[in-house]
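If you want the building blocks of each chain, they are given just below.
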Amino acid sequence: MLIAFRWLSRLFMALLALATLALVIAYFFLSRSLPDYAASYQLDGVSGEVEIVRNNANVPHIFGPTDADVYFALGFAHAQDRLWQMTMLRRTAQGRLSEVFGERTLKIDELLRRYDLYSLASQSVAAQDAPTLAALDAYSRGVNAWIGEVNLGALGRGAPEFFFFTNEIATWQPADSIAIIKLMALQLSGHLEAEVLRARTSKLLPEARLYDILPDAPGSAVTALPDYASLMPGPIPGGFPFRQAQDPLSPFKSGAFAGASNAWAAAPERSAAGGSLLANDPHLQFTAPTLWYLARLEFASGGVIGATIPGVPAILIGRSEALGWGLTSSYLDDQDVVMERINPDNPEQYDSGAGWKNFTSRRSIITVKDSDPVTITLRWSEAGPVLPGSHYNLATVTPAGHVAALEWTGLSANDTSMTAAIRLMKSRSIAEAIEAGRLYIAPSQNLMLADRDAVAFQLIGAVPNRNPAHETMGRMPSPGDKLQNRWDGMQDYAQNLGVLNPTSGLLGNTNNKTTDAPFPDNISFTWGDTHRIQRWLTLMKTREVHTRESFIEAQLDTVSPVARAVLPLIGGDLWFTGTPSPSGTPERLREQALELLAEWNGEMNEHLPEPLIYAEWLRTLQDRLIRDELGPLASEFSHPDPVFIERVFRNTDGAEKWCDVIQSAAIETCPAIARIALDEALLRLSERYGRSIETWRWGDAHQATHDHPVLGNVPLLRYFVNLRQSTSGGDSTLMRGRTSGEEPDPFLNVHGAGYRGVYDFADPDSSVFILSTGQSGHPLSRHYDDLGVLWRRGEYIPMSLDPELARAAAVGITHLLPN
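Student: When you look at the state of the cysteines in this model, what are you seeing that I'm missing?
Tutor: The bond known as a disulfide is covalent and runs between the sulfur atoms of two cysteines. Tallied over the full model, the rule gives one disulfide. Sulfur-sulfur distance for the disulfide between cysteine 659 and cysteine 670 comes to 2.0 Å. Across the S-S bond of cysteine 659 and cysteine 670 the torsion is about 100°, and the bridge reads as right-handed. In this pair, cysteine 659 is assigned in the loop between α19 (642–649) and α20 (670–689) and cysteine 670 in helix α20, connecting sequence segments eleven residues apart. Given a relative accessible area of 2%, cysteine 659 falls into the buried group.

Student: Which parts of the structure should I look at to understand the nonpolar core?
Tutor: By size, the foremost hydrophobic cluster in this structure holds 159 residues, and its most contacted members are Tyr115, Met425 and Tyr755. When residues in this core are grouped by element, the largest group, 14 residues, is from helix α2 (residues 67–94). If you look at the next biggest cluster of nonpolar residues, it comprises 50 residues, including Trp617, Ile626, Phe649 and Leu682.

Student: Where do I start with helix α8 (residues 174–187) in this structure?
Tutor: Note that an α-helix has 3.6 residues per turn; residues three or four places apart therefore point the same way. In this model, α8 (14 residues) spans 21 Å end to end at C-alpha, consistent with the 20 Å of a helix rising 1.5 Å per residue. With twelve of its 14 residues buried, α8 lies for the most part within the structure. Of all the positions in α8, only Ala175, Asp176, Ser177, Ile178, Ala179, Ile180, Ile181, Lys182, Leu183, Met184, Ala185 and Leu186 are classed as buried.

Student: Help me out: how do you make sense of the packing of aromatic side chains in this one?
Tutor: Think of a pair of aromatic rings as described by two things: how far the centres are apart, and how the planes are tilted against each other in angle. Within this structure, the stated rule accounts for 19 aromatic pairs. An angle of 85° between the planes, with centres 6.4 Å apart, marks the rings of tyrosine 755 and phenylalanine 769 as edge-to-face. Placement of tyrosine 755 in strand β26 (residues 755–760) and of phenylalanine 769 in strand β27 (residues 768–771) is noted, with a sequence separation of 14 residues between them. There is no split in this pair, since tyrosine 755 and phenylalanine 769 are both buried. Through successive ring pairs, a cluster of aromatic residues spans Trp84, Phe101, Phe162 and Phe165. Seen from the ring of phenylalanine 101, arginine 104 lies directly overhead, with NZ or CZ sitting 5.8 Å from the centre. The ring of phenylalanine 63 carries the charged tip of arginine 807 above its face, separated from the ring centre by 5.5 Å.

Student: Would you mind going over the sheet that holds strand β9 (residues 323–329) with me for this structure?
Tutor: Neighbouring strands of a sheet are bound in pairs by backbone hydrogen bonds; such pairs are parallel or else antiparallel. Pairing in this open sheet of eleven strands is mixed, and the strands run β1-β29-β2-β3-β6-β7-β8-β9-β17-β18-β20 from one edge to the other. Bordering the open sheet on either side are β1 (40–43) and β20 (498–500), each of which pairs with just one other strand. Strand after strand, the sheet turns through a mean of 15° between neighbouring axes, direction not considered. Where β1 and strand β29 (residues 812–818) come together, four bridges link them in parallel fashion. When the bridges of β29 are listed, tyrosine 41 appears paired with leucine 816. Packed onto the sheet, helix α12 (residues 417–425) meets β6 (293–299), β7 (302–308), β9 and β17 (445–451) and runs at close to 145° relative to β9.

Student: How should I be thinking about unusual backbone geometry in this particular structure?
Tutor: Excluding glycine, residues mostly have negative phi values, and the peptide bonds linking residues are mostly trans. Proline 289 follows alanine 288 through a cis peptide bond whose omega is -5°. For proline 289, the location among the structural elements is in the loop between β5 (277–285) and β6. Between phenylalanine 519 and proline 520 the backbone carries a cis peptide bond, its omega angle lying at 10°. Structurally, proline 520 can be placed in the loop between β21 (506–509) and α14 (532–541). Backbone geometry at asparagine 58 places phi at a positive 65°, although glycine is not the residue there. Its place among the elements puts asparagine 58 in the loop between β2 (50–54) and β3 (60–63). Of the residues examined, asparagine 58 reaches a relative accessible area of 0% and is grouped as buried.

Student: Quick question: what am I supposed to make of the environment of serine 726 here?
Tutor: Tracing the backbone through its elements, the reader meets serine 726 in strand β23 (residues 723–726). For serine 726, a relative accessible area of 14% puts it in the buried group. In this structure the C-alpha to C-alpha distance between serine 726 and arginine 697, which are 29 residues apart in sequence, comes to 9.5 Å. What serine 726 contacts, discounting residues up to four positions off in sequence, is Glu606, Arg697, Gly699, His702, Gln703 and Arg792. Within the local environment of serine 726, its side chain forms a polar contact with the side chain of glutamate 606, the two groups lying 2.5 Å apart.

Student: Sorry if this is basic, but what is going on with the pairing of β9 here?
Tutor: Within a regular strand, side chains alternate between the sheet's two faces. When you tally the buried positions in β9, you get seven out of seven residues, the bulk of the element. Every second residue of β9 is oriented toward a common face, with Leu323, Trp325, Leu327 and Ser329 on one face and Gly324, Gly326 and Thr328 on the other, all of them buried. As paired elements, strand β8 (residues 317–320) and β9 share two bridges and run antiparallel to each other. Of the residues in β9, the one forming a bridge with glycine 318 is tryptophan 325. Counting the residues that bridge the hairpin from β8 to β9 gives two residues.

Student: Before we go on, may I ask you to explain α20 in this structure?
Tutor: For α20, which comprises 20 residues, the first-to-last C-alpha distance of 28 Å matches the rise-based estimate of 28 Å (1.5 Å per residue) to within 8%. Those residues of α20 that fall on the buried side of the exposure criterion are Cys670, Ile673, Ala674, Ala677, Leu678, Ala681, Leu682, Leu685 and Ser686. Just downstream of α20 lies glycine 690, where phi reads positive at about 95°.

Student: It is not clear to me how the side chain of asparagine 511 should be interpreted in this structure. Could you clarify?
Tutor: Residue placement: asparagine 511 occurs in the loop between β21 and α14. Within the structure, the side chain of asparagine 511 is placed 3.0 Å from the side chain of arginine 532, a separation counted as a polar contact. Contacts of asparagine 511, omitting those with residues within four sequence positions, involve Ala260, Ser261, Thr328, Ser329, Tyr331, Trp527, Gly528, Asp529 and Arg532.

Student: Where do I start with the pattern of salt bridges in this structure?
Tutor: Any two side chains of opposite charge can pair if their charged atoms end up close together. Evaluation of the coordinates by the stated rule reveals 50 salt bridges. With a shortest N-O distance of 3.1 Å, glutamate 435 and arginine 438 are connected by a salt bridge. A relative accessible area of 43% means that glutamate 435 is categorised as partly exposed. A relative accessible area of 40% places arginine 438 in the partly exposed class.

Student: Where do I start with the packing of α2 against helix α6 (residues 130–153) in this structure?
Tutor: Between two packed helices, the angle of one axis relative to the other and the distance separating the axes together describe the packing. Between α2 and α6, whose axes approach to 7 Å, the crossing angle comes to 50°. The angle between the axes of α2 and α6 places the two elements in the oblique class. As for the relative orientation of α2 and α6, their crossing is right-handed in sense. Only Ala135, Ala138, Tyr139, Arg141, Gly142, Val143, Ala145, Trp146, Ile147 and Glu149 of α6 make contact with α2, whose side of the interface consists of Ala68, Tyr71, Phe72, Leu74, Gly75, Phe76, His78, Ala79, Gln80, Leu83 and Met86. Of the residues in the contact of α2 with α6, the class split is 15 nonpolar, four polar and two charged.

Student: Which parts of the structure should I look at to understand a nonpolar patch on the surface?
Tutor: Nonpolar side chains collect at one region of the surface, where Leu8, Leu11, Leu15 and Leu18 lie side by side and expose about 420 Å² of accessible area between them. Mapping leucine 15 onto the fold places it in helix α1 (residues 2–31).

Student: Teacher, can you tell me more about the side chain of serine 330 here?
Tutor: Counting through the fold element by element, serine 330 comes out in the loop between β9 and β10 (335–343). The exposure class assigned to serine 330 is buried, which follows from its relative accessible area of 3%. Polar side-chain contacts of serine 330 include one of 2.8 Å to the side chain of serine 444. Filtering out sequence-adjacent residues up to four positions away, serine 330 remains in contact with Ser444, Gln445, Asn446, Leu459, Ile523 and Trp527.

Student: What's the story with the environment of alanine 701 in this structure? I'm lost.
Tutor: Mapped onto the elements of the fold, alanine 701 is located in helix α21 (residues 698–701). Overall, alanine 701 belongs to the buried group, its relative accessible area being 8%. Separated by 47 residues in sequence, alanine 701 and leucine 748 place their C-alpha atoms 5.9 Å apart. The contacts of alanine 701, once residues within four sequence positions are left out, are Leu612, Tyr689, Phe747 and Leu748.

About the cut-offs
- Residues numbered from 1 in each chain as written.
- Predicted model: local features only at pLDDT ≥ 70, side-chain atom pairs only at ≥ 80, totals over all residues.
- Heavy atoms only, no water.
- Disulfide = S-S within 2.5 Å.
- Helix = DSSP H or I, 4+ residues; strand = E, 2+ residues; numbered from the N terminus.
- Buried < 20%, exposed > 50% of the residue type's maximum accessible area, 1.4 Å probe, protein only.
- Core = buried A, V, L, I, M, F, W, Y, C linked by side-chain atoms within 4.5 Å.
- Expected span 1.5 Å × (residues − 1).
- Phe/Tyr/Trp six-rings, centres within 6.5 Å; stacked < 30°, edge-to-face > 60°.
- Lys NZ or Arg CZ within 6 Å of the ring centre and 35° of its normal.
- Pairing = 2+ DSSP bridges.
- Axes fitted to C-alpha atoms, helices over the stretch in contact; angles between N-to-C directions.
- Contact = heavy atoms within 4.5 Å.
- Polar contact = N/O pair within 3.5 Å; in protein donor to acceptor, adjacent residues only side chain to side chain.
- Salt bridge = Lys/Arg side-chain N within 4 Å of Asp/Glu carboxyl O.
- Parallel < 35°, antiparallel > 145°, perpendicular 65-115°, else oblique.
- Left-handed = near helix turned anticlockwise from the far one by under 90°.
- Nonpolar A, V, L, I, M, F, W, Y, C, P; charged D, E, K, R; others polar.
- Patch = residues over 30% accessible without salt bridge, like charges linked within 9 Å, V, L, I, M, F, W, Y side chains within 5 Å.
- Areas by Shrake-Rupley, 256 points an atom, 1.4 Å probe, with all protein chains shown as cover.

Below is the structure:
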């Protein structure tokens with residue numbers, strides 16, 4: 001026995017030594033791709049010595065003899081820190097993910113090939129002005145210079161992920177950068193899905209109830225639409241959704257995550273220090289690393305600092321000494337689904353409304369790892385690409401003898417959005433910035449501007465020119481054989497909504513409705529916010545003048561205006577009623593929950609149980625209200641709509657009918673449904689978090705999920721690459737943390753502010769910004785997650801253009817020297 005024990009001990013020690021050796025070897029190879037920020041490189045492509053000064057937060061401050069050298073160095077720095085992310089964005093836009101990930105991403109590639117984004121980006125290169133072409137060329141050379149250094153110095157293939165997947169990296173091209181902007185436009189456009197959902201829902205509900213569950217923003221007039229079935233000839237098939245958006249590699253996110261953001265500005269007369277203020281926090285899907293990358297660029301015209309996207313040679317949101325700018329999703333309706341009627345005698349033709357026309361067709365071959373290549377036929381009508389019924393649930397609303405085509409502003413082959421971004425970054429005044437927006441195509445954005453003397457708001461992006469007689473007003477798919485349903489080009493930029501120096505001295509947007517204009521000048525019927533804007537107005541009215549600190553306070557505000565508005569409605573008949581119940585009973589649990597909610601101020605604090613109770617109650621309540629009417633379609637409404645809940649409990653236009661369960665003989669009341677939903681919610685929570693309500697924490701459910709898109713689901717590795725943090729906020733707070741809405745973790749924080757910035761033009765160098773992860777995309781780097789800790793605590797880092805401040809605590813200075 002003793003001998004056996006000795007041999008087992010020796011075997012264990014040998015295995016432990018082998019495992020340690022394997023870890024050391026793995027670390028050696030993986031860490032080879034960690035950049036040396038204090039190195040010097042002799043390179044072709046720079047005209048003189050270029051410095052990349054990385055401050056203590058790893059934010060590069062780039063100084064060079066010429067603007068071209070600065071763009072070159074930005075490409076070099078992007079590739080050093082985010083090479084894998086850049087190549088993945090490019091592969092996604094090209095529809096080439098399956099070359100690496102096999103059949104898992106085949107459907108994603110198929111749909112992206114149909115959009116043909118990369119071909120459109122390649123054609124758009126020629127549409128850029130000369131300075132932009134020079135910037136794209138220099139940036140591309142900078143990216144390729146780092147790829148060359150990786151190959152020359154055997155620097156761990158450039159990123160750890162290249163050890164697990166292909167290590168082939170194609171040279172960077174100017175079209176790659178434009179394709180990434182087009183990919184962003186695709187991610188931020190959700191009207192296609194909204195059209196299909198409205199059409200599907202209209203088949204199940206009468207008109208009045210359709211406007212309950214898919215309400216217009218409060219204050220807008222409801223214009224009756226024709227019944228969808230009456231627009232389309234023949235029967236329309238049913239069906240269940242095909243969901244590919246759950247794959248973290250897919251850019252096709254649900255409409256609930258199509259984009260959101262906050263931006264507000266104060267003119268000098270509303271600023272305590274006498275200089276304009278601007279705050280901005282765009283909201284996107286959380287990933288590790290975040291999509292944003294902080295940088296400072298020193299051009300001949302002056303310094304610019306803010307947030308870039310790796311792969312794009314521009315500060316997209318930020319400031320210079322003279323100007324600050326921020327972006328919010330405009331929710332412009334920039335997509336229309338057109339049902340093209342196919343010629344029964346010639347399937348290669350469709351009815352354009354002015355006669356039969358031929359589809360434009362070509363074949364595309366998708367290479368699939370470990371499988372045979374797949375050949376698909378791409379077809380375009382004059383509207384745009386023909387999309388298969390297997391995507392976006394289009395099969396459920398496409399009549400026989402028709403195919404669905406998409407009109408979308410992002411399909412321009414002369415897309416000058418990159419030129420607009422470069423010009424905006426170099427603008428020295430509000431007037432210059434607004435003029436730069438003229439060339440911007442997609443994705444449409446609200447541009448918030450501030451300089452030392454003024455503030456402004458401008459809608460940028462191509463606006464479709466719709467016919468006032470459009471049968472569905474762009475809210476549902478429409479027949480393409482009627483010319484009134486097709487776009488007539490784009491509106492003139494001068495018609496785009498704009499505000500300069502409002503009398504109040506304040507401007508703000510939280511994706512709320514921005515105009516009361518009737519169709520077709522209404523911008524959109526679908527907006528991203530109805531309540532956050534009210535909270536912002538409340539905070540702005542509490543002060544006559546504002547400071548950088550008050551803008552930060554608003555940016556980090558976690559009070560839910562929806563909770564304050566809805567809880568008195570749904571709980572009004574439940575509070576302080578009935579007799580006390582014995583401990584341990586469901587009735588007693590309900591009493592405890594109601595007591596907590598009665599004293600709660602609506603703050604979605606991560607350490608409190610009340611936000612968790614409220615969120616689960618509202619989610620359960622909406623599901624109970626709609627499930628019997630909508631059946632499986634109810635799953636498409638994954639997030640409670642406060643406007644719908646308010647309509648039901650206020651009985652707006654008879655909306656209380658939703659409270660009656662149509663399958664039962666009894667007539668249920670809204671208070672009864674609210675009570676049942678609360679009991680069900682508490683049962684679920686107690687099963688997961690225990691019976692003691694006082695120990696429940698919103699932050700346990702509402703963790704920010706900065707997950708690695710590729711390695712985040714790999715056992716063991718996910719603990720090293722995924723970043724999870726308990727967070728406050730919620731779906732309707734200014735510090736927005738959009739929940740997943742999907743089981744088994746419906747309250748995970750999956751979509752929010754990856755970047756926050758506050759700019760003070762009374763003292764520009766006191767401006768601040770922050771990322772939700774770190775600057776590096778390398779999991780072994782200390783800069784992979786260092787800024788995320790500050791972000792969670794509501795802290796910021798200095799946003800200064802002072803070069804000495806950057807050098808004072810630099811983690812390294814990279815020198816790029818002419819070869």
